Amino acid sequence: MKQKMERRYGTAFLILIIGLLVLTVWNINSGSVKLTVREIFHIIINRTGEETAYNIVWDIRLPRILAAIILGGALSVSGFLLQTFFGNPIAGPFVLGISSGAKLVVSLVMIYLLGKSMVAGSGILIIAAFVGSMISMGFVLLISKKVNRMSILVISGIMIGYICSAITDFVITFADDSNIVNLHNWSMGSFSGMSWDNVTVMAGVVFVTLGITFFMSKPISAYLLGEVYAQSMGVNIRLFRVALILLSSVLSACVTAFAGPISFVGIAVPHLAKSLLKTSKPILVIPACFLGGALFCLFCDLIARTVFAPTELSISSVTAVFGAPVVIYIMIRRQRQV
């Protein structure tokens, strides 16, 4: 039985890795300039090639692809942490209004700095998004203490998201035209315009946070079996819950700061990862969530760029098309189990 499960885990991770590699090459080759697989590998490995093709691959496509991989994985792991915290599979940064809170504060900071003819750096955007995430999370936690039903909490989170989005739209309406143009693509969710500096910063923040999360696999596993059991295993519940909130907020804030709000990834992918592995062990689910989120966002970004080219869809619209049915399935399945 153990060998069978290990074989399943190996197969699941092999599928995710192969799928990610295939989609990476596919994304590099998708666009107005077509390249062969040999040309792509020649440009990436040897760092040489025809100048136009080289610039397109290295300066435009690769940073965008890496951003989709890093931020997609971060959003998925953030969703897994929130689902662990609230003990419900439909909890996620977008549904609970956390992404909308981050979007609001980042919008305010960007508009203020653009009004002063200044450009917000990556660090400032991440800090602003983190502050917005924590404000929204604070409201969600206050509501969670007043209600016992998760459905009411989710509805409250959605309402918080609507309020934050309404305030953001109100602020953008009265911003300068040039500011609105700069904010439009970001506010709708997009991986476009990524640079290597952006990729470096997001990789540093995300991978450090993921490393801490991965080393928390054992207490997370104990917590999933109940607070009493976790306490008996020596887990400081209050400190542990604070750590979950901070880690999930940092991950979702990093995503919102660079790509704007992205819907349903944080809910759908953790469920799909658990279904693929047939286990809830955090030491396996956390890396599977990252790979699954990267794969999901890379696929959705490919569709967003190519289906109606040269018009580009917002990434959040595409993720909603594929992620919402998964959430509906989760809710129906959960209702049947009650």
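The structure reproduced in this document is the subject of the present report. (Residues numbered from 1 in each chain as written. Predicted model: local features only at pLDDT ≥ 70, side-chain atom pairs only at ≥ 80, totals over all residues. Heavy atoms only, no water.)

Examining the overall build of the protein chain
Here is step 1 of the chain: On a plain count of helices and strands, the protein chain comes out with 14 helices and zero strands.
Here is step 2 of the chain: The C-alpha radius of gyration computed for the protein chain amounts to 20 Å, which stays within 12% of the reference 20 Å derived for 338 residues, consistent with globular compactness.
Here is step 3 of the chain: Viewed in the frame of its principal axes, the protein chain has a C-alpha envelope of about 60 × 55 × 35 Å.
Here is step 4 of the chain: The proportion of buried residues among the 338 residues of the protein chain is 49%.
Here is step 5 of the chain: Taking the contacts inside the protein chain whose residues are at least 6 apart along the sequence as the reference set, 78% of them involve residues at least 24 apart.
Here is step 6 of the chain: A total accessible area of about 16,700 Å² is found for the protein chain, and carbon and sulfur atoms account for 67% of it.
Here is step 7 of the chain: One finds the centroid of the 24 positive side-chain charges in the protein chain at a distance of 21 Å from the centroid of its 12 negative side-chain charges. (Helix = DSSP H or I, 4+ residues; strand = E, 2+ residues; numbered from the N terminus. Rg over C-alpha atoms; globule rule 2.2 N^0.38 Å. Buried < 20%, exposed > 50% of the residue type's maximum accessible area, 1.4 Å probe, protein only. Contact = heavy atoms within 4.5 Å. Areas by Shrake-Rupley, 256 points an atom, 1.4 Å probe, with all protein chains shown as cover. Lys, Arg positive; Asp, Glu negative; His and termini not counted. Charge placed at Lys NZ, Arg CZ, Asp CG, Glu CD.)

So, the packing of helix α5 (residues 122–146) against helix α11 (residues 237–259)
Here is step 1 of the chain: Here α5 crosses α11 at 130 degrees, and the two axes come no closer than 8 Å. The angle between α5 and α11 places the two elements in the oblique class. Along this stretch, α5 crosses α11, giving a crossing that reads as right-handed. Across the interface between the two elements, Ser-122, Leu-125, Ile-126, Ala-129, Phe-130, Ser-133, Met-134, Met-137 and Leu-141 from α5 touch Ile-245, Leu-246, Ser-248, Ser-249, Val-250, Ser-252, Ala-253, Cys-254, Ala-257 and Phe-258 from α11. (Axes fitted to C-alpha atoms, helices over the stretch in contact; angles between N-to-C directions. Parallel < 35°, antiparallel > 145°, perpendicular 65-115°, else oblique. Left-handed = near helix turned anticlockwise from the far one by under 90°.)

Section: a nonpolar patch on the surface
Here is step 1 of the chain: A cluster of nonpolar side chains, namely Ile-127, Val-131, Ile-135, Phe-139 and Leu-142, defines an oily patch on the protein surface of about 480 Å² accessible area.
Here is step 2 of the chain: Note that Leu-142 resides in helix α5. (Patch = residues over 30% accessible without salt bridge, like charges linked within 9 Å, V, L, I, M, F, W, Y side chains within 5 Å. Salt bridge = Lys/Arg side-chain N within 4 Å of Asp/Glu carboxyl O.)

Overview of the packing of aromatic side chains
Here is step 1 of the chain: This model, assessed by the stated rule, comprises six aromatic pairs.
Here is step 2 of the chain: When the ring of Trp-58 is compared with that of Trp-196, the centres are 5.6 Å apart and the planes differ by 35 degrees; the resulting orientation is tilted. Here Trp-196 lies in helix α8 (residues 196–215) and Trp-58 lies in helix α3 (residues 51–86), a separation of 138 residues in the sequence.
Here is step 3 of the chain: On the basis of relative accessibility, which here comes to 13%, the residue Trp-58 falls in the buried class.
Here is step 4 of the chain: An angle of 75 degrees between the planes, with centres 6.3 Å apart, marks the rings of Phe-214 and Phe-215 as edge-to-face.
Here is step 5 of the chain: Residue class for Phe-214 comes out partly exposed when judged on its relative accessible area of 35%.
Here is step 6 of the chain: The aromatic ring of Phe-85 is capped on one face by Arg-241, whose charged end is 4.2 Å from the ring centroid. (Phe/Tyr/Trp six-rings, centres within 6.5 Å; stacked < 30°, edge-to-face > 60°. Lys NZ or Arg CZ within 6 Å of the ring centre and 35° of its normal.)

Quick word on helix α4 (residues 98–115)
Owing to its 3.6 residues per turn, the α-helix aligns residues three or four sequence positions apart on the same side.
Here is step 1 of the chain: Between the first and last C-alpha of α4 there are 26 Å, a value that for 18 residues agrees with the 26 Å anticipated at 1.5 Å per step.
Here is step 2 of the chain: Most of α4 sits out of view: 13 of its 18 residues are buried. (Expected span 1.5 Å × (residues − 1).)

Focus: the nonpolar core
Nonpolar side chains in soluble globular proteins generally cluster together in the buried interior.
Here is step 1 of the chain: Counting residues in hydrophobic clusters, the biggest one holds 93 residues, and the most contacted among them are Leu-71, Phe-86 and Phe-191.
Here is step 2 of the chain: Tallying contributions element by element places α3 first for this core, with 18 residues.
Here is step 3 of the chain: Those residues in contact with Leu-71 that sit more than four places away from it in its chain are Phe-191, Met-194, Met-202, Cys-254, Val-255, Phe-258 and Ala-259.
Here is step 4 of the chain: Counting eight residues, the second-largest nonpolar core is a separate cluster that includes Ile-90, Val-154, Ile-267 and Val-327. (Core = buried A, V, L, I, M, F, W, Y, C linked by side-chain atoms within 4.5 Å.)

So, the state of the cysteines
Two cysteines joined by a covalent bond between their sulfur atoms form a disulfide.
Here is step 1 of the chain: Applying the stated criterion across every chain, the model contains zero disulfides.
Here is step 2 of the chain: The thiol sulfur of Cys-289 is not disulfide-bonded, and the nearest other cysteine sulfur, from Cys-297, lies at 12 Å.
Here is step 3 of the chain: Assessed through its relative accessible area of 0%, Cys-289 is described here as buried.
Here is step 4 of the chain: Judged by relative accessible area, which is 0%, Cys-297 ranks as buried. (Disulfide = S-S within 2.5 Å.)

A few points about the pattern of salt bridges
Here is step 1 of the chain: Evaluation of the coordinates by the stated rule reveals four salt bridges.
Here is step 2 of the chain: The closest approach of N and O atoms between Asp-301 and Arg-64, which form a salt bridge, is 2.8 Å. Remark: Arg-64 occurs in helix α3 and Asp-301 occurs in helix α13 (residues 282–306); sequence separation between them is 237 residues.
Here is step 3 of the chain: A relative accessible area of 1% means that Asp-301 is categorised as buried.
Here is step 4 of the chain: Owing to a relative accessible area of 10%, Arg-64 belongs among the buried residues under this scheme.

Considerations on the environment of Met-331
Here is step 1 of the chain: With respect to the helices and strands, the residue Met-331 is situated in helix α14 (residues 315–337).
Here is step 2 of the chain: What makes Met-331 partly exposed here is its relative accessible area of 46%.

Details of the packing of α3 against α8
A pair of packed helices is captured by two measures, namely the crossing angle of their axes and the spacing between those axes.
Here is step 1 of the chain: Their axes nearest at 10 Å, the elements α3 and α8 cross at an angle of 25 degrees. With respect to α8, the element α3 is oriented roughly parallel. Note on packing geometry: the crossing formed by α3 with α8 is left-handed. Contacts between α3 and α8 involve Trp-58, Leu-62, Pro-63, Leu-66, Ala-67, Ile-70, Leu-71, Ala-74, Val-77 and Leu-81 from the former and Trp-196, Val-199, Met-202, Ala-203, Val-206, Phe-207, Leu-210 and Thr-213 from the latter.

Limitation: the analysis is restricted to geometry and does not speak to function.
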